Amino acid sequence: MTASMAFYADGNTIVRLSEYGTIRTPILTLDGEGHSLTVSAFARVPIAEHLTFARELSAACADYVRALETYASALPDDETSQGEKP
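Remember, it's a predicted structure, so these values are computed and weren't measured experimentally.

1. Side note on the packing of aromatic side chains
Inference 1: Applying the stated criterion across every chain, the model contains zero aromatic pairs.
Inference 2: Between arginine 24 and the ring centre of tyrosine 20, over which it is positioned, the NZ or CZ distance is 4.6 Å.
Inference 3: Here the basic side chain of arginine 44 rests over the ring of phenylalanine 42, its NZ or CZ set 5.1 Å away from the ring centre.

2. Concerning the pairing of strand E2 (residues 27–32)
Inference 1: Of the strand pairs in this sheet, strand E1 (residues 14–18) and E2 are connected by five bridges, and their pairing is antiparallel. Of the residues in E2, the one forming a bridge with valine 15 is leucine 30.
Inference 2: Looking at chain direction, E2 and strand E3 (residues 35–40) are connected through six bridges and run antiparallel. Bridging from a neighbouring strand, isoleucine 27 pairs with serine 40 of E3.
Inference 3: Between E2 and E3, which pair antiparallel in sequence order, lie two residues; one of them, glycine 34, sits at a positive phi of approximately 80 degrees.

3. Topic: a nonpolar patch on the surface
Inference 1: A grouping of Tyr64, Val65, Leu68 and Tyr71 is seen on the molecular surface, where their side chains present a nonpolar patch of about 390 Å² in accessible area.
Inference 2: Among the secondary structure elements, leucine 68 is positioned in helix H1 (residues 47–74).

4. Details of the pattern of salt bridges
Inference 1: All told, the structure shown has two salt bridges when counted by the stated rule.
Inference 2: With a closest N to O distance of 2.9 Å, aspartate 31 and arginine 16 form a salt bridge. One end of the pair, aspartate 31, is in strand E2; the other, arginine 16, is in strand E1, with 15 residues separating them in the sequence.
Inference 3: According to the relative accessible area criterion, aspartate 31 is partly exposed, its value standing at 23%.

5. Considering the sheet that holds E1
Inference 1: Taken together, the three strands give an open sheet; going across it, the order is E1-E2-E3, and neighbouring strands pair in antiparallel fashion. Lying at the two open borders of the sheet, with one neighbouring strand each, are E1 and E3. Neighbour to neighbour, the strand axes of the sheet diverge by 15 degrees on average, direction disregarded.

6. Considering the side chain of threonine 13
Inference 1: Relative to the assigned elements, threonine 13 resides in the segment before E1.
Inference 2: A distance of 3.0 Å separates a polar side-chain atom of threonine 13 from the backbone nitrogen of aspartate 10.
Inference 3: If sequence neighbours within four positions are ignored, threonine 13 has contacts with Phe7, Tyr8, Asp31 and Gly32.

Rules and cut-offs
Residues numbered from 1 in each chain as written. Predicted model: local features only at pLDDT ≥ 70, side-chain atom pairs only at ≥ 80, totals over all residues. Heavy atoms only, no water. Phe/Tyr/Trp six-rings, centres within 6.5 Å; stacked < 30°, edge-to-face > 60°. Lys NZ or Arg CZ within 6 Å of the ring centre and 35° of its normal. Pairing = 2+ DSSP bridges. Helix = DSSP H or I, 4+ residues; strand = E, 2+ residues; numbered from the N terminus. Patch = residues over 30% accessible without salt bridge, like charges linked within 9 Å, V, L, I, M, F, W, Y side chains within 5 Å. Areas by Shrake-Rupley, 256 points an atom, 1.4 Å probe, with all protein chains shown as cover. Salt bridge = Lys/Arg side-chain N within 4 Å of Asp/Glu carboxyl O. Buried < 20%, exposed > 50% of the residue type's maximum accessible area, 1.4 Å probe, protein only. Axes fitted to C-alpha atoms, helices over the stretch in contact; angles between N-to-C directions. Polar contact = N/O pair within 3.5 Å; in protein donor to acceptor, adjacent residues only side chain to side chain. Contact = heavy atoms within 4.5 Å.

Here's what the structure looks like:
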């Protein structure tokens with residue numbers, strides 16, 4: 001099965017991590033107006049695969065932040081505070 005999804009975050013998007021210690025797996029949630037994204041682990045997939053996915057997701061997010069910072073640093077000051085112009 002394949003799927004594609006877009007999640008457009010803005011200043012109202014909430015990122016939430018629900019931790020349960022050793023009782024159960026954590027849940028990562030991104031909530032926006034009219035949409036949400038939840039990342040969680042299920043018992044039918046080995047925890048090693050979840051850890052691999054989480055590490056890859058973390059690395060990709062760090063790369064995204066660096067790329068976004070590079071992009072933002074090249075924008076004129078009036079565009080960084082008001083968003084991109086069409």
